[in-house]
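Spelled out, the chains give:
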Amino acid sequence: MTVLPPETARRFLPSVDRLENAMRAARRSLDRGDLEGALREDDVAIQLKPEYDAAWLLRGHIFRKDGNVPGAIEAFAQALKINGESQEGWLGLASSLHAVGRYPEEIEAYDRLLQIQPRSLEAWIDKGAALHDIGDYRGAIACYDKVLAMRPEHAPAWSNKGAALLRLGDDAGAARSFDEALQLDPDFFDAMANRVLLCRKLNRHGETVLWADRALRVREAPWLWYVKGEAHLGLGESTLAMKAFERSLALDPKSKEAKAGLRRAKAARQKGDVYRGVYECFGTHAAGDPGCEGCEILGRCRLVTP
Amino acid sequence: MSLPSLAEVEHADWTSLQRMCENLGLNPKGRSAVVRMRVADFVRRRGQPPTWRPAKAHQAALLTRIGHPDLAERLWESTMQLDAPGPWAGLGHAQLAGGFLAEAAKSFSRAAQMGEPGAELHRAEALAAGGNFAGAAAACDVHLASQPRDLRGILMKVSFLTRAGFEDEAAKVLRSAIDLHPEAPELARSLGLALLRSDHHEAAADALHAATQRDSKDASAAAVRGAALLLAGRTREAIGVLREALELDPERADALNNLGVAYLAMGQTKPAAVSLERAAKRFESPRIILNLGKVLEAANRKTEAAGAYEQVLRLRPKDSEGRAGRKRLAPSGKAKRSRKASAKSAKKTTLSRRTRSKSTPPKTAAPETAGT
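Engineer: Explanation requested: the overall build of chain A in the structure shown.
Structural biologist: From N to C terminus, chain A includes 18 helices and 0 strands. For chain A, the C-alpha radius of gyration of 27 Å lies well beyond 19 Å, the compact-globule estimate for 306 residues. Across its three principal directions, the C-alpha atoms of chain A cover 95 × 40 × 30 Å. Counting across all 306 residues of chain A, residues that qualify as buried make up 48%. Restricting the contact set of chain A to residue pairs at least 6 apart, pairs at least 24 apart contribute 45%. When the accessible surface of chain A is summed, it comes to about 15,700 Å², and 51% of that surface belongs to carbon and sulfur atoms. A gap of 4 Å separates the mean positions of the 44 positive and 45 negative side-chain charges of chain A.

Written out as structure tokens, the structure reads:
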């Protein structure tokens, strides 16, 4: 190895090739999941060029993947000191701040990014979600409206707007928003789950079961099984309620609510159990509907429909 | 059975929905909205998924093409990945289309560093768009260092060198390209054009001869060869070659014009006028009509010549040669004397214009050739 005299060493500039090779190796290691290797190569890049924003961004991603959120925050902040206009930097910093619950700072990060890039959909959506988390639902809705003005077909923005409206007590507005989201993306889990919560709030057990079933076909979640169990109980379907609580407990064995629900379902079964047969719409009777007119369990359905 | 479309499901009445359920083997019982949802879910899951869905990168590329480079730029930025050069190249194109030439060159440079094979050529285009032809040629050199046989890179380098004024250098590059790609006849034609532009008429004629030997149906090469021979003073040969070119493509206005000029140089005003009239019919260019005016004037068809000059002035009102021609042929007493006096000079100018008009055909032929 050649040792450069101190004066020359000060003037020495690292080879661009070496720097790029180190970065490339770090990215490859990160893609492979070799976080230690990625960090080692990234260190080399930072040593060669300490003011290299891409290397600091990469370091932030490595730390985030490794669960070292404070380290990630520091790395993204360093990248932003070098290049304050990096969207990747601001989004990385904001999501790291979100991970440790520092919402006001997260919102500030989105604001800074939106000053630079006022049309960044990601920033608007994430800012809305952060405002939702701190309870500023009107602020969140304003953010989603910004997104929808730019991209009216943005299903997550509709779903999030519905969730904020639901929190504000505007059930009809929320229902409209979820309808829009599901029209645009019929398999959108979040919109279906939000709809389940809306139906549950309105005590529409039939619809709660219907939408919970649809959402569970996309993705399982213990809380969804629990809500479904409760709705079955509301419809008098003890066996189906038991099955739902059991599934919820299988996914989350520590759930006290599910355990209590299962107990209630077992007790209800002693008194009676409704059988819905092939009618997945049980509990959603609509007068004048041709499907309802020919229904074999019409009388019972009418009784449990609000 | 074939699946109904989602629109059909959406708008089907109850009876049709029942029929659909029956045909698809679905449960037909329940509230109509739920049955409709059931059928729609089935159709969506069973229906052929779209074979292609535009990704962000596709949308960005499309936005650049349809004239929204600012939106494309934003979209490209959102597709940036840690190790993919493609978005950098796309971003460069959007910046180029938006007029941000320096930024575009930087983006292409970044794509090239990440291993995008054609990025240096794109950078060359960005530099050339900013008028830096020497830099563009240097970028082509970088590209050719890794892909020395790349014909596109060679032709782009030739074009940039020519535009930078290094015509001899361009001819050299073309000569070496012909050795590398003997199968590409357009290279010989491009070399001929480059030599013609740098006033090496004999050499140009030879190169174009080689091009026509490689591709005997190349009317463009034959027409430019005719012009080169004419400029080299080999008028008789030029006439033969131009006639051959016109046999291949009788509609070539440049070849007809040059043939007219060649006939005039041989003192044959009648066939010269016929050729130029045919050329003017095919392409109403002031240069061709001026040549026609001069030939008609030389053939003593003064009314027709005056008409030709008028036509030139309609197309280009300030054309000095057109104005001079009209003045010469003006029917006043004084003008008569001056016309007599100017008849000799007219002859002289006709000859001098003949020489000048010879430079026109290569200009007409230039856009048709590869690499220019």
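Engineer: Can you help me understand the overall build of chain B in this one?
Structural biologist: On a plain count of helices and strands, chain B comes out with 22 helices and 0 strands. When the 372 residues of chain B are sorted by exposure, 47% land in the buried category. Contacts in chain B between residues far apart in sequence, at least 24 positions, make up 44% of those at least 6 positions apart. Looking at chain B as shown, the accessible area adds up to about 18,800 Å², and 53% of this sits on carbon and sulfur atoms.

Engineer: Honestly, the state of the cysteines in this entry has me stumped. Any pointers?
Structural biologist: All told, the structure shown has 0 disulfides over all chains when counted by the stated rule. We note that Cys199 of chain A lacks a disulfide partner, and the nearest cysteine sulfur, in Cys281 of chain A, lies 14 Å from it.

Engineer: What exactly am I supposed to notice about the confidence of the model for chain B here?
Structural biologist: Atomic detail in the predicted coordinates should be set aside for any region of low pLDDT. Chain-level statistics for chain B give a pLDDT mean of 82 and a share of 87% at 70 or above. Across residues 333–372 of chain B the pLDDT falls below 50, and counting only partners more than four positions away or on other chains, this stretch makes 58 contacts in the model.

Engineer: Would you take a moment to explain the side chain of Ser120 of chain A for this structure?
Structural biologist: Tracing the backbone shows Ser120 of chain A in the loop between α7 (103–116) and α8 (121–133). Residues contacting Ser120 of chain A, with those up to four places away along its chain left out, are Gln87, Leu113 and Leu114 of chain A.

Engineer: So what exactly am I meant to see when it comes to unusual backbone geometry here?
Structural biologist: Even without being a glycine, Asn203 of chain A presents a positive backbone phi close to 60 degrees. Mapped onto the secondary structure, Asn203 of chain A falls in the loop between α12 (189–201) and α13 (205–218). Non-glycine residue Asp199 of chain B carries a positive phi angle of around 65 degrees. The topology assignment puts Asp199 of chain B in the loop between α12 (185–197) and α13 (201–214).

Engineer: Hey, could you run me through empty space enclosed by the protein in this one?
Structural biologist: Unoccupied space between atoms shows up once a probe the size of one water molecule is rolled over them. A complete count under the given rule lists 3 cavities of 30 Å³ or more for this structure. Its volume calculated, the largest cavity comes out at about 70 Å³. Lining the largest cavity are 13 residues, and of these Cys281, Cys292, Cys295 and Cys301 of chain A together with Arg31 of chain B sit closest to its centre. Counting residues per element, the ones that place at least two in the lining of the largest cavity are α17 (290–293) and α18 (298–304) of chain A. Looking at side-chain class alone, the lining of the largest cavity contains 8 nonpolar, 4 polar and 1 charged residues.

Engineer: Please explain the layout of surface pockets as it appears in this structure.
Structural biologist: A volume near 1,100 Å³ is recorded for the largest pocket. Considering the residues around the largest pocket, the lining is formed by 32 residues, among which Ser86 and Gln87 of chain A together with Glu77, Met80 and Trp88 of chain B are closest to the centre. Elements with a minimum of two residues in the lining of the largest pocket: α4 (53–66) and α6 (87–99) of chain A together with α5 (69–78), α6 (86–98) and α7 (101–113) of chain B. When residues of the lining of the largest pocket are assigned to their parent elements, the largest contribution, 5 residues, is made by α5 of chain B. Per-class residue counts for the lining of the largest pocket are 10 nonpolar, 9 polar and 13 charged.

Engineer: Looking at this structure, how should I read the interface of chain A and chain B?
Structural biologist: Between chain A and chain B, the residue contacts involve 28 residues of the former and 22 residues of the latter. Carbon and sulfur atoms make up 50% of the area that chain A and chain B hide from each other, which totals about 2,100 Å². The tally of links from chain A across to chain B stands at 6 salt bridges. The closest approach of N and O atoms between Glu296 of chain A and Lys29 of chain B, which form a salt bridge, is 2.9 Å. For the interface between chain A and chain B, the tally reads 8 residue pairs in polar contact (both at pLDDT 80 or more). Contributions of two or more residues to the side of chain A that touches chain B are made by α2 (16–32), α4, α13 and α17 of chain A.

Engineer: I would appreciate a short explanation of the environment of Thr162 of chain B in the present structure.
Structural biologist: Residues and elements named next belong to chain B. Here Thr162 shows up in helix α10 (residues 151–164). With relative accessibility at 18%, the residue Thr162 sits in the buried group. Each C-alpha atom of the pair Thr162 and Ala245 lies 26 Å from the other, and the pair is 83 residues apart in sequence. If we skip the residues at most four places from it in the chain, Thr162 touches Glu167, Ala170 and Arg197.

Engineer: What should I look at first to understand the confidence of the model for chain A in this one?
Structural biologist: Confidence along chain A averages 90 in pLDDT terms, with 95% of residues attaining 70 or more. Contacts of residues 1–5 of chain A to residues separated by more than four positions or lying in other chains number 2 contacts, the stretch itself having pLDDT below 50.

Engineer: What is the right way to look at helix α18 (residues 286–298) of chain B in this model?
Structural biologist: Three- or four-residue spacings in an α-helix give side chains the same orientation, since the helix completes a turn every 3.6 residues. Residues and elements named next belong to chain B. Between its terminal C-alpha atoms α18 stretches 18 Å, which fits the 18 Å expected from 13 residues at 1.5 Å a residue. Regarding α18, the residues found buried are Pro286, Arg287, Ile288, Ile289, Leu290, Asn291, Leu292, Gly293, Lys294, Val295, Leu296 and Glu297. Of the residues one or two after α18, Asn300 is the one with positive phi, at around 65 degrees.

Engineer: Explain the pattern of salt bridges here, please?
Structural biologist: For side chains bearing opposite charge, pairing can occur when the charged atoms are close. Overall, the coordinates contain 36 salt bridges over all chains when judged by the stated rule. With a shortest N-O distance of 2.6 Å, Glu153 of chain A and Arg151 of chain A are connected by a salt bridge. Its relative accessible area of 35% is what places Arg151 of chain A among the partly exposed residues. Between Glu237 of chain B and Arg234 of chain B there is a salt bridge, with the nearest N and O atoms lying 2.9 Å from each other. Take Arg234 of chain B: its relative accessible area is 24%, and that puts it in the partly exposed class. A single salt-bridge network, built from bridges that share partners, covers Asp187 and Arg214 of chain A together with Asp41, Arg44 and Arg45 of chain B.

Parameters at a glance
Residues numbered from 1 in each chain as written. Chains lettered and ligands numbered in written order. Predicted model: local features only at pLDDT ≥ 70, side-chain atom pairs only at ≥ 80, totals over all residues. Heavy atoms only, no water. Helix = DSSP H or I, 4+ residues; strand = E, 2+ residues; numbered from the N terminus. Rg over C-alpha atoms; globule rule 2.2 N^0.38 Å. Buried < 20%, exposed > 50% of the residue type's maximum accessible area, 1.4 Å probe, protein only. Contact = heavy atoms within 4.5 Å. Areas by Shrake-Rupley, 256 points an atom, 1.4 Å probe, with all protein chains shown as cover. Lys, Arg positive; Asp, Glu negative; His and termini not counted. Charge placed at Lys NZ, Arg CZ, Asp CG, Glu CD. Disulfide = S-S within 2.5 Å. pLDDT = per-residue confidence, 0-100. 1 Å grid on protein atoms, 1.4 Å probe; cavity = no way out; pocket = protein on both sides within 12 Å on 5 of 7 lines; lining within 4 Å. Points joined across faces, edges and corners; volume = space filled by probe spheres on them. Nonpolar A, V, L, I, M, F, W, Y, C, P; charged D, E, K, R; others polar. Buried area = accessible area lost by both parts, 1.4 Å probe. Salt bridge = Lys/Arg side-chain N within 4 Å of Asp/Glu carboxyl O. Polar contact = N/O pair within 3.5 Å; in protein donor to acceptor, adjacent residues only side chain to side chain. Expected span 1.5 Å × (residues − 1).

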